[in-house]
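# What the coordinates show
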Amino acid sequence: MADISQRRVVDYRGFGTRAGQLLPQSWGDPYPWLDPDLAGLIAECMYDDWENRPTLEQALGRARNAVLTKTANSFPEPEEETDVAISNFVQESVFKRLSDAGVR
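One structure accompanies this document, and this report is about it. Predicted model only: the values in this text are computed from it and were never measured.

A few words now on a nonpolar patch on the surface. On the surface, a cluster of nonpolar side chains totalling about 330 Å² of accessible area is made up of Val94, Phe95, Leu98 and Val103. Considering the arrangement of structural elements, one finds Val103 in the segment after helix H3 (83-100).

Structure below.
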């Protein structure tokens, strides 16, 4: 799991970011299942100089575009990105845990 509280700054697209652990490394990709565009957006949101970070509007626009244009086959593990797989994940990870905790 990435430690996003790391202090080491790495270069990403010409600016320093603290999200280097999410990005592909010289030895390979530490999170091959993570959408590369999402990893890039996170890296940009964690630029050291906040003036270089995307605005909320820009970040939401990129996320919206991805939701509207990407299909399951756009991702490294497409079987995990189908509507059924996502529904099952939400049921198990959110609703079941809330129910188990007594939240209604």
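All right, on to the layout of surface pockets then. In this structure, the largest pocket encloses a volume near 640 Å³. If you list the elements that add at least two residues to the lining of the largest pocket, you get helix H1 (36-45), helix H2 (56-69) and H3. With six residues, H2 is the single largest residue contributor to the lining of the largest pocket. Across the lining of the largest pocket, the residue classes tally to 11 nonpolar, two polar and seven charged.

For any two aromatic rings, the description comes down to two numbers: the centre-to-centre distance and the angle of the planes. Applying the stated rule across the entire model yields two aromatic pairs. On the basis of an interplanar angle of 55° and a centroid distance of 5.2 Å, the ring pair of Phe15 and Tyr47 is categorised as tilted. One end of the pair, Phe15, is in strand S2 (residues 15-17); the other, Tyr47, is in the loop between H1 and H2, with 32 residues separating them in the sequence. When the ring of Tyr31 is compared with that of Trp33, the centres are 5.5 Å apart and the planes differ by 80°; the resulting orientation is edge-to-face. Owing to a relative accessible area of 46%, Trp33 belongs among the partly exposed residues under this scheme.

So, on to the nonpolar core. In terms of nonpolar packing, the biggest core is built from 10 residues, these being Tyr12, Ala19, Leu22, Leu23, Tyr31, Leu34, Ala39, Ala43, Met46 and Tyr47. With residues near it in sequence (within four places) discarded, Ala43 still touches Tyr12, Thr17, Ala19 and Leu23.

What follows is about H3. The first and last C-alpha atoms of H3 sit 24 Å apart over 18 residues, in line with the 26 Å expected at 1.5 Å per residue. Along H3, the helix axis deviates most sharply at Gln91, where the bend reaches about 35°. Positive backbone phi, at 85°, marks Gly102, one or two positions downstream of H3.

One non-glycine residue, Arg13, lies in positive phi territory at about 55°. Looking at the element boundaries, Arg13 is found in the loop between strand S1 (10-12) and S2. With a relative accessible area of 61%, Arg13 lands in the exposed category.

For the structure on display, the rule yields six salt bridges. Between Glu44 and Arg62 there is a salt bridge, with the nearest N and O atoms lying 2.6 Å from each other. With Glu44 in helix H1 and Arg62 in helix H2, this residue pair connects regions lying 18 residues apart in the sequence. By relative accessible area, Arg62 is classed as partly exposed at 34%. The network of salt bridges with shared partners includes Arg13, Glu44 and Arg62.

Procedures and definitions
Here the residue index of a chain counts from 1 through its sequence in written order. Since the coordinates come from a predicted model, pLDDT governs what is reported: local features require at least 70, and pairs of side-chain atoms require 80 or more to be given and counted, while whole-chain, interface and lining totals use all residues. Hydrogens and water are ignored here; the side-chain numbers use all heavy atoms of the structure. For patch detection, residues must exceed 30% relative accessible area and be free of salt bridges, and they are connected within 9 Å for like charges or within 5 Å for nonpolar side chains (Val, Leu, Ile, Met, Phe, Trp, Tyr). Per-residue and other accessible areas were derived by the Shrake-Rupley procedure at a 1.4 Å probe size, with only the shown protein chains allowed to occlude residues. Whenever a carboxyl oxygen of Asp or Glu lies within 4 Å of a side-chain nitrogen of Lys or Arg, that contact is scored as a salt bridge. Going along the chain from the N terminus, every DSSP run of H or I of four or more residues is numbered as a helix, and every run of E of two or more is numbered as a strand. Residues are called lining when one of their atoms sits within 4 Å of a cavity or pocket point, these points coming from a 1 Å grid over the protein atoms alone, where a cavity is a set in which a 1.4 Å probe fits but cannot get out and a pocket is an open set with protein on both sides within 12 Å along at least five of seven lines. Grid points are joined across faces, edges and corners, and a volume is the space filled by probe spheres set on the points. Residue classes follow a fixed rule: Ala, Val, Leu, Ile, Met, Phe, Trp, Tyr, Cys and Pro count as nonpolar, while Asp, Glu, Lys and Arg count as charged, and any other residue, Gly among them, counts as polar. Two rings from Phe, Tyr or Trp (for Trp, the six-membered ring) form a pair when their centres sit within 6.5 Å of each other. Planes less than 30 degrees apart are called stacked, planes more than 60 degrees apart edge-to-face, and all others tilted. Here the term buried applies to any residue with accessible area under 20% of the maximum for its type, exposed to any over 50%, and partly exposed to those in between, with areas from a 1.4 Å probe on protein chains only. For our purposes a nonpolar core is just a set of buried Ala, Val, Leu, Ile, Met, Phe, Trp, Tyr and Cys residues, chained together by side-chain atoms within 4.5 Å. In this analysis, two residues are considered to be in contact whenever any of their non-hydrogen atoms come within 4.5 Å of each other. Helix span is expected to be 1.5 Å times the residue number reduced by one. Bend at a given residue is defined as the angle between two axes, one fitted to the seven residues that end at that position and one fitted to the seven that begin there.

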